[in-house]
Amino acid sequence: IPPFSPILAGVALYFFYSTLVMYRLLDLHELFSRLATLVALAAVLLMVDGITFIWVDTFTTFPFHSTFQIFIASLLFLAAYDPLRDAISWYAHRIFNQRGQQLNETLENLRKQLSTIISRHGLVDTLLSGLHASGRVPTCSIYIWNKGLDAFACIGSKGHGDRRPLRVVAATPFVNDFNLGAPWYNRYSMQRRARHDAEAAERLGLMKAMNADLTLPFRSRGVVMGWMHVRDEDWSDGFSAEEVQSLQALADVCAV
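Described in the following lines is the structure provided in the data block. All chains use their own residue numbering, which begins from 1 and follows the written sequence. Totals for whole chains, interfaces and linings use all residues, but because this is a predicted model, local features are given only for residues with pLDDT of at least 70 and pairs of side-chain atoms are given and counted only at 80 or more. Only hydrogens and water are set aside when side-chain values are computed; all heavy atoms of the structure are taken into account.

**Structural notes on the sheet that holds strand E5 (residues 214-220)**
Part 1 of the argument: With antiparallel pairing, six strands are arranged side by side in an open sheet as E3-E2-E1-E6-E5-E4. Whereas interior strands pair on both sides, the edge strands pair on one side only; in this sheet they are strand E3 (168-169) and strand E4 (185-186).
Part 2 of the argument: Examined bridge by bridge, strand E1 (residues 139-146) and strand E6 (residues 223-231) share six bridges and lie antiparallel to one another. Directly across from Tyr-143, in E6, lies its bridge partner Trp-227.
Part 3 of the argument: The criterion used for residue contact is that any of the two residues' heavy atoms lie within 4.5 Å. Interaxial angle, 0 to 180 degrees, is taken between N-to-C directions of lines fitted to C-alpha atoms, where a helix line uses only the stretch in contact. Runs of H or I in DSSP of at least four residues are treated as helices and runs of E of at least two as strands, each being numbered from the N terminus. Taken strand by strand, helix H11 (residues 241-255) contacts E5 and E6, and its axis lies near 35° from that of E5. Strands pair, by our definition, only if DSSP identifies at least two bridges between them.

Here it is as structure tokens:
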């Protein structure tokens, strides 16, 4: 039986590494799915190298020959690493992080559907219905620039219940950071900035009034045409980095 201290130390180091890279704590579902992927890939590499070592050792006594054969086996493993990692990651997420995997699959299907929709009404209905039906986005809404109101107006929402979002939002100061190139607004990072930034505090108040945890803009050549709001479930610690990037890619399709 191997000693457990190095294994637990490795798990702790990986947890701290992920926290530093993602600027957020991992929930248990996400942590277990990532660890399962790493362990499975390490087991495959160990099996490939172990079988190669045992097989080569049966017909040769030259150390260099054995090392070369293990090198070739490892090279073949690395060549198949990307598709193998994607497949193992998919199964690991289905087992340990089913709701997150379901959201990723929903976003992928939405990207394909939205590329064929040319009406704004159809886009709003498809986008909001798909996000809400994923089981991971209990609340979502879309705001588009209204020239007559000289402000951004809510043109669709899902899951708000009795707490309706703001109907109209002025461009300033909400889109100021978007105009400066900010890719999205995250409520958790906005809370840290709001302690010493009055404009961030006002923006955070608007996000709360719109019932949003994450805001992703619709941009066209640097012009903000609108945005979509999504709210995570109460039990979650926020969307992961991969989920935010997938949502941003979806917002880019909507902008087109």
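**Looking at empty space enclosed by the protein**
A probe matching the size of a water molecule, rolled over the atoms, marks out where space remains unfilled.
Part 1 of the argument: Any residue with an atom within 4 Å of a point lines the site, the site being either a cavity, points on a 1 Å grid over the protein atoms alone where a 1.4 Å probe fits but cannot get out, or a pocket, an open set with protein on both sides within 12 Å along at least 5 of 7 lines. Grid points are joined across faces, edges and corners, and a volume is the space filled by probe spheres set on the points. For the structure shown, the criterion picks out one cavity of 30 Å³ or more.
Part 2 of the argument: Taken as a whole, the largest cavity holds about 30 Å³ of empty space.
Part 3 of the argument: Lining the largest cavity are Asn-186, Tyr-188, Asp-213, Leu-214, Gly-238 and Phe-239.
Part 4 of the argument: Think of it as three bins: nonpolar holds Ala, Val, Leu, Ile, Met, Phe, Trp, Tyr, Cys and Pro, charged holds Asp, Glu, Lys and Arg, and polar takes everything else, Gly as well. Residues of the lining of the largest cavity, tallied by class, amount to three nonpolar, two polar and one charged.

**Let's talk about the pattern of salt bridges**
Part 1 of the argument: The salt bridge definition used is simple: a Lys or Arg side-chain nitrogen within 4 Å of an Asp or Glu carboxyl oxygen. Across all of its chains, the model carries eleven salt bridges by this definition.
Part 2 of the argument: For Arg-85, the salt bridge identified is with Asp-82, shortest N-O distance 3.5 Å. With Arg-85 and Asp-82 both in helix H4 (residues 81-96) and three residues apart, the pair spans about one turn of that helix.
Part 3 of the argument: With a closest N to O distance of 3.3 Å, Asp-177 and Arg-203 form a salt bridge. In this pair, Asp-177 sits in helix H8 (residues 176-179) while Arg-203 sits in helix H10 (residues 198-209), placing the two residues 26 residues apart along the sequence. Comparing Asp-177 with Arg-203 shows no difference in burial state: the two are buried.
Part 4 of the argument: The network of salt bridges with common partners includes Asp-177, Arg-193, Asp-197, Glu-199 and Arg-203. Partly exposed residues are those whose accessible area sits between 20% and 50% of the maximum for their type, while under 20% is buried and over 50% is exposed, using a 1.4 Å probe and protein chains only.

**Overview of the packing of aromatic side chains**
Part 1 of the argument: Under the pairing criterion, centres of Phe, Tyr and Trp rings, with the six-membered ring standing for Trp, must be within 6.5 Å; the plane angle then separates stacked pairs below 30 degrees from edge-to-face pairs above 60, leaving the rest tilted. Tallied over the entire structure, the rule returns eight aromatic pairs.
Part 2 of the argument: Consider the rings of Tyr-143 and Trp-227, whose centres lie 5.5 Å apart with planes at 25°: the pair is stacked. With a gap of 84 residues between them, Tyr-143 in strand E1 and Trp-227 in strand E6 connect regions that are remote in the sequence.
Part 3 of the argument: By relative accessible area, which is 0% here, Trp-227 ends up buried.

**Overview of H4**
Part 1 of the argument: What a helix is expected to span follows from its residue count: subtract one and scale by 1.5 Å. The end-to-end C-alpha distance of H4, which contains 16 residues, comes to 21 Å, matching closely the 22 Å that a straight helix rising 1.5 Å per residue would cover.
Part 2 of the argument: Considered for burial, the residues of H4 that qualify are Ile-88, Ala-92 and His-93. With its buried residues spanning 135° around the axis, H4 presents them on a single face. What points out from H4, more than 90 degrees from its buried face, is the exposed set Pro-83 and Tyr-91. The directions from the helix axis to the C-beta atoms form the arc being described.

**Quick look at the packing of helix H6 (residues 120-133) against H11**
Part 1 of the argument: Viewed as axis vectors pointing N to C, H6 and H11 meet at an angle of 165°, and their least axial separation amounts to 12 Å. Classified by the angle their axes make, H6 and H11 are roughly antiparallel. The handedness of the crossing between H6 and H11 comes out as right-handed. Across the interface between the two elements, Leu-123, Leu-127 and Leu-131 from H6 touch Leu-247, Leu-250 and Cys-254 from H11.
Part 2 of the argument: Here the contact of H6 with H11 is built from residues that sort into six nonpolar, no polar and no charged. Roughly parallel refers to an angle under 35 degrees, roughly antiparallel to one over 145, roughly perpendicular to one between 65 and 115, and oblique to any angle outside these ranges. Should the near helix be turned counterclockwise from the far one by less than a right angle, the crossing is left-handed, whereas a clockwise turn marks it as right-handed.

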